[in-house]
Amino acid sequence: MVNGMKKLFLILKHSKIIHPRNLKKYWFEIILIIIMAYAFTHYLDGDIGVVVWSFLIIAPLLSIILSYYAIFKLRINLKAPDYLTKGKSFHVDFIASTIGKLPVPFVRCHMKLSANIVQQDNRTVQSAMTPKENLIISYQMTAKYVGLAEIKIKKLAIFDYLGLVEFKYGHIPDDYIIKIGVIPEIPELTNANMMLHAVSDVILTQDDDEEESSASFSAQSMLGYVHREYVAGDSLRRVNWKMSAKRQKLMVRMEEAATTIRPTVILDIQPETQEEKLKHREIMIEGALGFLVLLVKQGIPCSLRFATGKQWKYFILENEDDVRNICVEIATADFVNDNHRIDSNAFYEKAGAYLIYTANPDEALALELESLHEKGYICAICPTGTQNSALMGMDSLWELDENFIMKNLKN
């Protein structure tokens, strides 16, 4: 019997289900059991002592063996929504089932969450299950900040039937990890008209030589026009009074050649784990979306670039629906770049204006932006309270606070 117990212990030890350091918890209890059994056998009643020995050895041994068998028949799964909006509460379901015939002993699961997800109830839940019914443990959580969130099993512990031994899995498979996209909101910006006017003016006056050559290509050719809504500061000579009367709001002409120039918005953000940096990142994401809506409302097509999976994604946005759809793309991005803060393809784009939304306005970013100066107008936007002196050399520098109020730092 002793050899059999040694063999069982070695099997459990090398399977990495029982960690030897955890057995130290039980030495005191084991010593008391041995003293009690010895006292019964040699000083009280030998027959009762034999029964006690049998019970103390066989019962725990059966409990461990049967539990060990039941664990290998256990199947684990996590269930949660793929997408949700910021601030919404949701449930992550830990689902356990068994393909065996034995009930599964007590199961305890600890979750590991990304920093943008908060678990509302941190109490540890433990429960057993039968072969006929699945075990479902629901964890209520809240999506606090936008971006991709990961939820995985940090620790999965199962106790034997007597509760004497804790079984632990040494490795949690990747199948036990779920990803949730927290969708950003599109806010209304305050004091953004000045920046909108500056960008519009840059587009209207960009590439005059190209416009002139396009106009003189044919003596019969005439520049066509598209229109956008009037912004304070626009020249009244560009107002189309007839169209304005029909729409009951001032409409300004834009040269058709100028519409081939699309201002580009670049999100310079990275993965974050600290709450303050997550908040800054969220302000930049939602602030950029708010300004993109302002651009497309004025009839200005634009583009958006951001990094995910060590690659840069590029999107052309022409209307409000395009901006709303891009929110889902942003929700599933991990913001891991290719070791460049600015997409290298942006240097070959005819953007006219580059709007850099950055949560980390440092010297490294300023160095990369220097190469864009000859390409067009450079406007940097950063969160209020960050050290932004490195970007004072840009054409325009703005701060954006948590209430989405914009402040011009270079008047």
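What counts and what doesn't
- Within each chain, residue numbers correspond to sequence positions counted from 1 in written order.
- At least 70 in pLDDT is required for a residue's local features to be given in this predicted model, at least 80 for side-chain atom pairs to be given and counted, and no such filter applies to totals for whole chains, interfaces and linings, which use all residues.
- Only hydrogens and water are removed before side-chain values are computed, so all heavy atoms of the structure are retained for them.
- When DSSP finds two or more bridges between two strands, those strands count as paired.
- The way it works is that DSSP assigns letters per residue, a run of H or I at least four long becomes a helix, a run of E at least two long becomes a strand, and they are numbered from the N terminus.
- Between N-to-C directions, angles cover 0 to 180 degrees, with each direction set by a line fitted to C-alpha atoms, over the stretch in contact for helices.
- For this analysis, residues touch if any pair of their heavy atoms sits within 4.5 Å.
- Angle categories are assigned with fixed cut-offs, so that under 35 degrees is roughly parallel, over 145 is roughly antiparallel, 65 to 115 is roughly perpendicular, and the rest are oblique.
- By the definition used in this description, the sense in which the near helix is turned from the far one sets the handedness, with an anticlockwise turn below a right angle giving left-handed and a clockwise turn giving right-handed.
- Asp, Glu, Lys and Arg are counted as charged, while Ala, Val, Leu, Ile, Met, Phe, Trp, Tyr, Cys and Pro are counted as nonpolar; the rest, among them Gly, fall into the polar class.
- Helix span is expected to be 1.5 Å times the residue number reduced by one.
- We call a residue buried when its accessible area falls under 20% of the maximum for its residue type, exposed when it is over 50%, and partly exposed in between, using a 1.4 Å probe and counting protein chains only.
- A patch consists of residues whose relative accessible area exceeds 30% and which take part in no salt bridge; residues with like charges are grouped when within 9 Å of each other, and nonpolar side chains (Val, Leu, Ile, Met, Phe, Trp, Tyr) when within 5 Å.
- For the accessible areas, the method is Shrake-Rupley and the probe is 1.4 Å, while residue cover comes only from the protein chains on display.
- Here, a salt bridge means any Lys or Arg side-chain nitrogen found within 4 Å of an Asp or Glu carboxyl oxygen.
- Among buried residues, the Ala, Val, Leu, Ile, Met, Phe, Trp, Tyr and Cys ones that are joined through side-chain atoms within 4.5 Å form a nonpolar core.

(A) Expanded view of the sheet that holds strand 7 (residues 135-143). The strand order across the open sheet built from four strands is 1-3-7-5, with neighbouring strands paired in antiparallel fashion. This sheet does not close on itself; its edge strands, each paired only once, are strand 1 (74-79) and strand 5 (117-119). With strand direction ignored, the average angle separating the axes of adjacent strands in the sheet is 30°. Pairing of strand 5 with strand 7, which is carried by three bridges, proceeds in the antiparallel orientation. Note on strand 7: the bridge partner recorded for glutamine 119 is methionine 141.

(B) Representation of the sheet that holds strand 13 (residues 264-268). Judged by pairing direction, the sheet is mixed, and its seven strands sit side by side in the order 15-14-13-16-17-18-19 without closing on themselves. Lying at the two open borders of the sheet, with one neighbouring strand each, are strand 15 (311-317) and strand 19 (406-408). Direction aside, neighbouring strands of the sheet carry axes that sit 20° apart on average. Across three bridges, the pairing between strand 18 (residues 396-400) and strand 19 is antiparallel. Bridged to glutamate 399 within strand 19 is lysine 407. In the packing of helix 7 (residues 275-297) onto the sheet, the strands contacted are strand 13, strand 14 (302-308), strand 15, strand 16 (353-358), strand 17 (377-383) and strand 18, and the crossing angle to strand 16 comes to about 155°.

(C) Broad picture of the packing of helix 4 (residues 193-205) against helix 7. At a minimum axis separation of 11 Å, helix 4 and helix 7 run at an interaxial angle of 55°. Looking at the two axes, helix 4 sits oblique to helix 7. For the crossing formed where helix 4 meets helix 7, the hand is right-handed. Across the interface between the two elements, Met195, Leu196 and Val199 of helix 4 pack against Phe291, Leu294 and Leu295 of helix 7. The residue makeup of the contact of helix 4 with helix 7, split by class, is six nonpolar, no polar and no charged.

(D) Just helix 7, in detail. For helix 7, built from 23 residues, the straight-helix expectation of 33 Å at 1.5 Å per residue is met to within 8% by its first-to-last C-alpha distance of 33 Å. With 17 of 23 residues buried, helix 7 is to be regarded as a mostly interior element.

(E) Seen up close, a nonpolar patch on the surface. Taken together, the side chains of Ile58, Leu62, Leu66, Tyr161, Leu162 and Leu164 make up a nonpolar region of the molecular surface, amounting to roughly 510 Å² of accessible area. Assignment of secondary structure puts isoleucine 58 in helix 3 (residues 46-72).

(F) Spatial organisation of the nonpolar core. Within the largest apolar cluster, 47 residues are counted, with the highest numbers of intra-cluster contacts made by Tyr357 and Ile381. If you tally residues by element for this core, the top one is helix 7, at ten residues. Ignoring any residue separated from it by four or fewer positions in sequence, one finds tyrosine 357 in contact with Met195, Val265, Ile266, Leu267, Asp268, Met284, Gly287, Ala288, Phe291 and Ile381. Leu74, Met111, Leu135 and Ala143 belong to the second largest nonpolar core, which has 33 residues in total.

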